[in-house]
Amino acid sequence: MANERKKIAILGGDGIGPSVTSEAKQLLEIYRDKAGFPLDLWELDLGADRYLRDGTTFPKEIQAAVQKECAAVLLGALGDPRVPGLEHARDILFGMRFGYDLYANVRPVKALHDRLVPLKGRTAKDVDMVVFRENTEGIYVGMGGQFKRGTPDEVAINEDLNTRKGVERIIRAAFEYAKANGKTRVCMADKSNAMRHAHELWYRVFDEVKKEYAGAGIEGRHLYVDALCLLMVQDPSQFQVLVMNNLFGDIVTDLGAAFQGGLGMAASANIHASDPSRVAMFEPVHGSAPPLAGRDIANPFAALLTVGMMLKHLGFPNEEQRIERVVAEAIEEKACTVDVGGALGTRAAAAWVRERVAKEL
Ligand code: NAD
Ligand code: IPM
Ligand code: MN
């Protein structure tokens, strides 16, 4: 599999997206040119600029071509104050997550250096978990509407859609990940005490699926998501694999990013977990951070770590660990941006990591 050519679509997007993605792209070029990895890179001109120029968001032909031809997509971030309705961002981001049925949003919450952990008395070894966020359902499906908009009687509704199939496959993906990676604890967080219909389904399916994995020595634990947040702060070391719905996964992984040194350190993968041969999408957890855009100060490490997740997924198993280790060395040597205690700009911090990686290849 690792010998076949792999086409990667690259979409920088908005704000800091293009700068961190350009650094990540240069890392991929090193793997291609120096290590001979069979990668073909295809840059897509999509995002707020394009939308404002000609109204294009995510054309059907591009959506289909990426699905057919590409092994992966590397995405920066989408969201621009000039497009307050975020219509391009939703079309592109959800066009991939929903359109390619990338039901598992895998977000490692792993601290790479003690200095980055803001929790009192905790060190990097206490922060090492992976969140499996359901990525195709929940409150994100956009079902609902507004009625009598702009009047004193207005009504606004967003439906929380949960299917048996959708809930079961993300829970299974979390357990399968645990099994494949020697983890012994999977925790599912919901709000079934308040959301009696939708989250009772999560509770029931988790209870069923966890029994199948008890024999493999994996313990399934249920928590309400509010309690999860409390316990994550009090003692993150108790968590290994977490699974939850789309909205909770979004929120909990920003909380988790704080344990890692901020959003500039958090990577993610969007995959169709039961069939890794399908196109997958990789993106840092952070957004477009408009106030940082164009200033060479955004942390590029989340984007570089995202390349590691992508390479692992594409059949180059050692590179995720390598990139992680080199990023940890950069943090140790303060060869990093200000948000993580260094004094380098985006470009210099990324170049430092690339040079070290290149030397090893
Ligand atoms: P954000 O992630 O852009 O920023 C949140 C905070 O983290 C800010 O303080 C920002 O300065 C900091 N931050 C983020 N990335 C950083 C980096 N690489 N280095 C250093 N600091 C970093 O979230 P937001 O401000 O809520 O959203 C801004 C826009 O991004 C919005 O339009 C939002 O919808 C969009 N967004 C897009 C994605 C995505 O495309 N996947 C993800 C999140 C937010
Ligand atoms: C993320 C972002 C997106 C989400 C936004 C931009 C819709 O916050 O990828 O974490 O909520 O999924
Ligand atoms: Mn988010």
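Just above sits the structure.
Residues numbered from 1 in each chain as written. Chains lettered and ligands numbered in written order. Predicted model: local features only at pLDDT ≥ 70, side-chain atom pairs only at ≥ 80, totals over all residues. Heavy atoms only, no water.

Engineer: Which parts of the structure should I look at to understand the site of ligand 2?
Structural biologist: As a structural note, the neighbourhood of ligand 2 is formed by L93, F94, R97, R107, R133, Y140 and D250. Between R107 and ligand 2, the recorded distance is 3.0 Å, taken from a side-chain N or O atom to an oxygen atom. A distance of 2.8 Å separates an oxygen atom of ligand 2 from a polar side-chain atom of D250. The residue inventory of the shell around ligand 2, partitioned by class, reads three nonpolar, no polar and four charged. (Near = heavy atom within 4 Å. Polar contact = N/O pair within 3.5 Å; in protein donor to acceptor, adjacent residues only side chain to side chain. Nonpolar A, V, L, I, M, F, W, Y, C, P; charged D, E, K, R; others polar.)

Engineer: What is the right way to read the site of ligand 1 from this model?
Structural biologist: The local shell around ligand 1 holds 19 residues, among which L78, E283, G287, A289 and N299 are the closest. Residue S288 places a main-chain N or O atom 3.0 Å away from an oxygen atom belonging to ligand 1. A289 places a main-chain nitrogen or oxygen 2.8 Å from an oxygen atom of ligand 1. Protein chains bury 64% of the 800 Å² of accessible surface belonging to ligand 1 in isolation. (Areas by Shrake-Rupley, 256 points an atom, 1.4 Å probe, with all protein chains shown as cover.)

Engineer: I would appreciate a short explanation of the pairing of strand β1 (residues 6-13) in the present structure.
Structural biologist: If a strand is regular, its side chains alternate between the two faces of the sheet. For β1, the tally of buried residues reaches seven of eight residues, placing the bulk of the element in the interior. Pairing of β1 with strand β2 (residues 39-43) involves five bridges; the strand directions are parallel. Bridge assignment links A9 to a residue of β2, and that residue is W42. Chirality of the crossover, the property in question, places the unit of β1, helix α1 (residues 17-33) and β2 among those that are right-handed. Sheet topology note: the β1/strand β3 (residues 72-77) ladder contains five bridges and is parallel. Across the sheet, I10 pairs through a bridge with L74, a residue of β3. (Buried < 20%, exposed > 50% of the residue type's maximum accessible area, 1.4 Å probe, protein only. Helix = DSSP H or I, 4+ residues; strand = E, 2+ residues; numbered from the N terminus. Pairing = 2+ DSSP bridges. Right-handed = clockwise from strand over helix to strand, strands pointing away.)

Honestly, it's all geometry; don't read function into it.
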